[in-house]
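A closer look at the structure
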Amino acid sequence: MIICNGLSRVCVTALLLGVSLAASAREAVVQAADIRRTSFGVPHIRASDERGLGFGIGYAYAQDNLCLLANEVVTVSGERARFFGPEQSTLDERNNVTSDVFFAWLNTPEAVATFWAAQSPPIQQRIEGYVAGYNRYLTEQGAPAQCQAAWVRPITPQDVIKLTRRLLVEGGVGQFAEALVGATPPNTTAHRLGDAKAFELAAAHQQRFTLDRGSNAVAVGRDRSFNGRGMLLANPHFPWIGGMRFYEMHLTIPGQLDVMGAALPGLPLVNIGFNQHVAWTHTVDTSKHFTVYRLTLDPKDVTRYLLDGKSIPLDKTTLTVQVKQADGSLKEQAHTVYRSQFGPVVQWPGKLDWDNRYAFSLRDANLGNDRVLQQWYAMNRAGSVKELQTAVHTLQGIPWVNTLAADDQGQSLFMNLSVVPNVNAAKLAQCSDPRAGLQLIVLDGARSACAWDVDPRAAQAGIFAADQLPQLERTDYVQHSNDSAWMVNPKAPLTGFSPVISQDNTGLGPRARFAVQRLQSLDNRPISVADLQNMVMDNQVYLASQVMPDLLEFCAKHLGADTATLQPLCASLQTWDQRANLDSGLGLVHFINLMQHLQHSPDAWRVAFDPAQPLTTPRGLAIERAPVAKALREAMLASTVEAGQLGLTANSRWGDLQVSGQTPIHGGPQQLGIYNAMQTVPRADGKREVVSGSSYLQIVTFDANGPRAQGLLTFSLSSNPASKYAKDQTHAFSEKNLRPLPFSEAQIKADPQYQSQVIKE
């Protein structure tokens, strides 16, 4: 391990440009970590310093998820085509060559070295320890059977930085990999990677971003909690597989740090969790984290653009990746990426076309965010909601999520304090085409006046300062379910922000409406732990309460000639309990199909959205309108056919259909207002496999002795199918058995599955 005074930039750059760790000088200090595991294998990692703690985290993570991390390292290093060939795809269905070119562009040696140099010494020490711990386990035990292959190798600090940078751009340019790699000048013979199918998949992934990475959260203050202290419900909806799969752990440096929660792969700190005094969670926000710039091209040269009337050449960078051939040999493949001063050129057929007049550049604010690890490091140590808020205000390192928190003094907090381009409403009006709407912000790249504003108070040039972003402190409650910041608490609407930050007077999603109405229904008594648990676990289908009377009326009065065919469907709706539990009947399947079909029907709602009534509109199905009645009848007939093809009967139950492997899973589509949201994909056997949804679930309260927490990691701790920790929490989740989360020394050692392992470098 390289040791340098203060970990200087020169030393760090040498490290990241390939100086051998094994050959480097270092003090002969033996690092040790104690990995204590409790029920379900949850590791409680204790060490005397940052490097030792990192060592324990890396070792424990390798025990549980070595193959997962190794696969992600191959991805972010741009080596998938080298090992797996050009025809295969990543877990998110991105072509290997496209993925490799994108990550070769994102994670250049210079970018990685610069990011590393910006980290504090404690963060560097934690990462170095993590790398050493992972590598120690790999050396001692080797790779599990599922990944005994050449692509599994010891990792480096560079790999951890690459994983972090991939996380940063998930809400921005990471969604445009095909567009970045596929951008080529018009009227050229340059090879273009990607095709229509690739862009269809990319569009689907963009639309699913907040579904696969959504979340619910409720922070309750002293005025509403059962004991006058804060309470937090964390219900992130994250992927059950791949590089965004949470890992549960408890980290302790005696006298310095004591924090428990969940972390994303490769991150040696807690992203969502709690400590002695405060608990916090995140929800994917609706703020914009990038803008697109329309470049006006030089009529004489489509690789030059006009800025304030001056012709400027696009920068060209040639990237080379290795591609495995049919005979096993490797062949280099080069690709050119173009860039304006605003960012890389992106080309999306039919949406962002590069023709003889215009091209488009994408500027991602999080490419300048080197504070993200330091941000969570500081949050892990916060002693109150106020300290946590101050840390976020100062660092502004949260990439694309909101933060909700509660503490032992009974304060609750919502912060929409992520990294947002500084484009105020006036600039948006002057520099964007209003016909484009607000889904994709496209600014005029021909005028330097349309560049992002620079506020000296902001932690990064070109983003909004923290005090310009939505936040709300309350002693009753705050909640969020992936809508704008507007209705975090209806008693104190958050309004008046740039549309790039938050949009008010827009319709709320059904999960948010459910949450607010459920919390309002508890106004006559204190909120209990059971109340927060039931918000997730009772699996109420909120949308059913808004439309079921109309569906049943249609069944009773309007079936006509289709009565015999549709009567079984109507009977299933009549007897369905309007929940998404394992024993919920066939009516849930039909309801899902009907609502999915009707969402494409204009004017389906009897009462349209009214900004003056955001919690109760839209509502009701307008079955009296002929187009809506026609669409509903067609949906009923189609659902009847589909149920028959799947072999479903009147006795079928939801748990027979929605599964993880062979384990039945409750919950359902978030579009129906099911708080316990689940995303699934169809399987060959007719069942639906859960791929994303409720992931790390925690409910935290406080008493005089500290936190009292319960929860689950729904997909279990280990991604190794041979591990005894691969399905145990999934079974518990299926049975709705949340478990206590042992935090104090007494709780840890009293756990019936307690075991301890001391590891040394």
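Bear in mind that the values here come from a model prediction, so they are computed numbers and not experimental data. (Residues numbered from 1 in each chain as written. Predicted model: local features only at pLDDT ≥ 70, side-chain atom pairs only at ≥ 80, totals over all residues. Heavy atoms only, no water.)

1. Topic: the overall build of the protein chain
In terms of regular secondary structure, the protein chain is built from 22 helices and 30 strands. Relative to a compact globule of 761 residues, whose C-alpha radius of gyration would be 27 Å, the protein chain shows 26 Å and is just as compact. Along the first, second and third principal axes, the C-alpha atoms of the protein chain reach 80 × 75 × 55 Å. Within the protein chain, the proportion of its 761 residues that are buried is 60%. Summarising the internal contacts of the protein chain: among those between residues at least 6 apart in sequence, 69% fall at separations of at least 24. Just so you have it, the protein chain exposes about 28500 Å², and 51% of that area is on carbon and sulfur atoms. When the 66 positive and 68 negative side-chain charges of the protein chain are each reduced to one mean point, those points stand 1 Å apart. (Helix = DSSP H or I, 4+ residues; strand = E, 2+ residues; numbered from the N terminus. Rg over C-alpha atoms; globule rule 2.2 N^0.38 Å. Buried < 20%, exposed > 50% of the residue type's maximum accessible area, 1.4 Å probe, protein only. Contact = heavy atoms within 4.5 Å. Areas by Shrake-Rupley, 256 points an atom, 1.4 Å probe, with all protein chains shown as cover. Lys, Arg positive; Asp, Glu negative; His and termini not counted. Charge placed at Lys NZ, Arg CZ, Asp CG, Glu CD.)

2. Re the packing of aromatic side chains
Enumeration according to the criterion identifies 14 aromatic pairs in this entry. Each ring, one from Y338 and one from W354, has its centre 5.3 Å from the other, and the planes form 85°; the classification is edge-to-face. Residue Y338 is located in strand 13 (residues 330–340), and its partner W354 is located in the loop between strand 14 (343–346) and strand 15 (358–364); the two are separated by 16 residues in the primary sequence. Through a chain of ring-to-ring contacts, three or more aromatic side chains come together here, namely F102, F103 and W105. We note R381 situated over the ring of Y377; from NZ or CZ to the ring centre the distance is 3.9 Å. (Phe/Tyr/Trp six-rings, centres within 6.5 Å; stacked < 30°, edge-to-face > 60°. Lys NZ or Arg CZ within 6 Å of the ring centre and 35° of its normal.)

3. Digging into the packing of helix 6 (residues 121–141) against helix 7 (residues 157–168)
The angle between the axes and the distance between the axes are what describe a pair of packed helices. Running from N to C, helix 6 and helix 7 point in directions that differ by 110°, and their axes come no closer than 9 Å. Viewed along their axes, helix 6 and helix 7 adopt a mutual orientation that is roughly perpendicular. When the axes of helix 6 and helix 7 are compared, the crossing they make is right-handed. Taking contact as the criterion, the partners of I127, E128, Y130 and V131 in helix 6 are, on helix 7, P157, V160 and I161. When its residues are assigned to classes, the contact of helix 6 with helix 7 shows six nonpolar, no polar and one charged. (Axes fitted to C-alpha atoms, helices over the stretch in contact; angles between N-to-C directions. Parallel < 35°, antiparallel > 145°, perpendicular 65-115°, else oblique. Left-handed = near helix turned anticlockwise from the far one by under 90°. Nonpolar A, V, L, I, M, F, W, Y, C, P; charged D, E, K, R; others polar.)

4. What to know about the sheet that holds strand 2 (residues 43–47)
The strands that make up a sheet are held in pairs by hydrogen bonds between backbone atoms, and each pair lies either parallel or antiparallel. Spatial ordering of the open sheet is given by 19-17-16-8-7-6-5-2-1-30, a layout of ten strands whose pairing is mixed. Each having just a single partner strand, strand 19 (471–474) and strand 30 (755–760) make up the two edges of the open sheet. Adjacent strand axes in the sheet meet at a mean angle of 15°, parallel and antiparallel pairs treated alike. In this structure, strand 5 (residues 247–253) lies alongside strand 6 (residues 257–263), joined through seven bridges in antiparallel fashion. Looking across to strand 6, one finds that M249 is bridged to G261. (Pairing = 2+ DSSP bridges.)

5. What to know about the pattern of salt bridges
Tallied over the full model, the rule gives 33 salt bridges. A salt bridge links K386 to E473, with the shortest nitrogen-to-oxygen separation between them at 3.6 Å. With K386 in helix 12 (residues 385–395) and E473 in strand 19, this pair connects stretches of sequence that are 87 residues apart. By relative accessible area, which is 45% here, K386 ends up partly exposed. Here R683 makes a salt bridge to E689, at a shortest N to O gap of 2.7 Å. With relative accessibility at 19%, the residue E689 sits in the buried group. In the salt-bridge network here, residues are joined through shared partners; they are D34, R36, R46, E745 and K749. (Salt bridge = Lys/Arg side-chain N within 4 Å of Asp/Glu carboxyl O.)

6. Some details on the side chain of S572
On the secondary structure map, S572 appears in helix 17 (residues 563–575). A residue is classified by how much of its surface remains accessible, and S572, at 9% relative accessible area, is buried. Within the structure, S572 has its side chain in polar contact with the backbone oxygen of L569 (distance 2.6 Å). (Polar contact = N/O pair within 3.5 Å; in protein donor to acceptor, adjacent residues only side chain to side chain.)

7. What to know about the pairing of strand 17 (residues 412–415)
Taking every second residue as pointing to the same face, both faces of strand 17 are buried, with S412 and F414 on one and L413 and M415 on the other. The pairing of strand 16 (residues 401–407) with strand 17 spans four bridges and is classified as antiparallel. Each residue of the ladder has a partner; that of A405, found in strand 17, is L413. The antiparallel pairing of strand 16 with strand 17 creates a hairpin that spans four residues between the two strands, and G410 there sits at a positive phi of about 90°. In the sheet, strand 17 pairs with strand 19 via four bridges, with the strands oriented antiparallel. Each residue of the ladder has a partner; that of F414, found in strand 19, is L472.

8. Some words on empty space enclosed by the protein
Taken as a whole, this structure holds five cavities of 30 Å³ or more when the rule is applied. Its boundaries defined by the atoms lining it, the largest cavity holds a volume of some 110 Å³. Lining of the largest cavity is provided by 13 residues; of these, F238, L264, H282, W376 and V401 occupy positions nearest its centre. Residues that form the lining of the largest cavity fall into these classes: nine nonpolar, four polar and no charged. The computed volume of the second largest cavity comes to approximately 50 Å³. Lining the second largest cavity, in full, are L163, R166, L167, G243, M244, L264, P265 and L267. (1 Å grid on protein atoms, 1.4 Å probe; cavity = no way out; pocket = protein on both sides within 12 Å on 5 of 7 lines; lining within 4 Å. Points joined across faces, edges and corners; volume = space filled by probe spheres on them.)

9. Some words on the state of the cysteines
Applying the stated rule across the entire model yields three disulfides. Bridging C67 to C147, the disulfide has an S-S length of 2.0 Å. Given an S-S torsion of about -75°, the disulfide between C67 and C147 has left-handed geometry. Of this pair, C67 sits in helix 2 (residues 50–76) while C147 sits in the loop between helix 6 and helix 7, placing them 80 residues apart in sequence. Considered together, C67 and C147 belong to a single accessibility category, that of buried residues. The residue that forms a disulfide with C431 is C450, at a sulfur-sulfur distance of 2.1 Å. (Disulfide = S-S within 2.5 Å.)

That is the geometry; function is a separate question.
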